[in-house]
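Here are the chains, one letter per residue:
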Amino acid sequence: MNILALLAALPIFVNIKNNPDKTIFKNLGSPQLNCAGGTTPTSVTLGGSTSVTTTTTVDASVGISFEGLSIGGGVSTSNSNTKETTKSITYTVPPGRQAILTAGFKYHSQTGNVQINYGDRVNGHYIWFTNAKITRLTPVGGPPEYQIHESKCGE
């Protein structure tokens, strides 16, 4: 068995199934409150800045134990994408309520398996499949979707 071949293996994403796109929301700033017990609406500024980083990482670890000798290693591939946004709006919060502005980023979702490709034959094979299922979220692009979330004070 070629140990260097095990350590030089390349993981890839296979058996890919496209899932429905997904929007992930993140708060912009802090909630603004109208919770002091008054009876009139309050005009506030909602918003702030945020960034969302998506990293797709596939790790493959290999370990060999032969006649009391153990050798372990692994390979990893990673891809990162960061999206940033800043937005502020004026909003009227009713009495007994709180509000916050959120930014939603759209992602394409895919589910699949990890395949390990070896440069040299390992145990009679060049390709190994794992049963591990992973989901990869990839930013679609475009501007974020903004939403105001309002709730009772304390919720």
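Residues numbered from 1 in each chain as written. Predicted model: local features only at pLDDT ≥ 70, side-chain atom pairs only at ≥ 80, totals over all residues. Heavy atoms only, no water.

Topic: the overall build of the protein
Within the protein, the secondary structure is distributed over 1 helix and 7 strands. Mapped from its N terminus to its C terminus, the protein presents α and β elements in the order α-β-β-β-β-β-β-β. Relative to its 155 residues, the protein shows a buried fraction of 28%. Long-range contacts, defined as pairs at least 24 residues apart, comprise 78% of the intrachain contacts of the protein with a sequence gap of at least 6. (Helix = DSSP H or I, 4+ residues; strand = E, 2+ residues; numbered from the N terminus. Buried < 20%, exposed > 50% of the residue type's maximum accessible area, 1.4 Å probe, protein only. Contact = heavy atoms within 4.5 Å.)

Quick word on the side chain of Asn19
Along the chain, the position of Asn19 falls in the loop between β1 (10-18) and β2 (22-34). In contact with Asn19, not counting residues within four places along its chain, are His108, Ser109, Gln110, Thr111 and Thr135.

Quick notes on the state of the cysteines
Where two cysteines share a covalent bond between their sulfur atoms, that bond is called a disulfide. On inspection of all chains with the given rule, the structure shows 1 disulfide. Disulfide pairing is shown between Cys35 and Cys153; the S-S distance is 1.8 Å. Judged by the torsion about the S-S bond (-90 degrees), the Cys35/Cys153 disulfide is left-handed. In this pair, Cys35 is assigned in the loop between β2 and β3 (42-66) and Cys153 in the segment after β7 (145-152), connecting sequence segments 118 residues apart. On the accessibility criterion, Cys35 (36% relative accessible area) is partly exposed. (Disulfide = S-S within 2.5 Å.)

Observations concerning the packing of aromatic side chains
In this description, a pair of aromatic rings is defined by centroid distance and the angle of the planes. As enumerated under the stated definition, the model contains 0 aromatic pairs in all. Against the face of Tyr146 rests Lys87, its NZ or CZ located 4.9 Å from the ring centre. (Phe/Tyr/Trp six-rings, centres within 6.5 Å; stacked < 30°, edge-to-face > 60°. Lys NZ or Arg CZ within 6 Å of the ring centre and 35° of its normal.)

Here's the deal with the confidence of the model for the protein
On average, residues of the protein score 77 in pLDDT, and 65% of them are at 70 or above. Here helix α1 (residues 3-7) is the element of the protein with the lowest mean pLDDT, 45, and β7 is the one with the highest, 96. Counted against residues more than four places away or in other chains, residues 1-7, with its pLDDT under 50, gives 18 contacts. Predicted confidence for residues 62-75 stays below pLDDT 50, and this span has 30 contacts to residues more than four positions away or in other chains. (pLDDT = per-residue confidence, 0-100.)

Some points on the nonpolar core
Core analysis: the biggest nonpolar cluster contains 10 residues, these being Leu28, Val44, Leu46, Val52, Val93, Ala99, Leu101, Ala103, Phe105 and Tyr107. Elements supplying a minimum of two residues to this core: β3 and β5 (97-122). No other element matches β5, which puts 5 residues into this core. (Core = buried A, V, L, I, M, F, W, Y, C linked by side-chain atoms within 4.5 Å.)

Some thoughts on the environment of Ser30
Note that Ser30 resides in strand β2. C-alpha separation for the pair Ser30 and Leu101, spaced 71 residues apart in sequence, amounts to 8.3 Å.

Details of the environment of Asn18
Tracing the backbone through its elements, the reader meets Asn18 in strand β1. Along the primary structure Asn18 and Arg136 are separated by 118 residues, whereas in three dimensions their C-alpha atoms are 9.8 Å apart. Here the side chain of Asn18 touches His108 through a polar contact of 3.0 Å, side chain to side chain. (Polar contact = N/O pair within 3.5 Å; in protein donor to acceptor, adjacent residues only side chain to side chain.)

What about the environment of Phe105?
Topologically, Phe105 is positioned in strand β5. Given a relative accessible area of 3%, Phe105 falls into the buried group. C-alpha of Phe105 to C-alpha of Gly142: the two residues are 37 residues apart in sequence and 8.5 Å apart in space. Look past the residues within four positions of Phe105 in its chain and what remains in contact with it is Lys22, Thr23, Ile24, Thr50, Val52, Lys83, Thr85 and Pro144.

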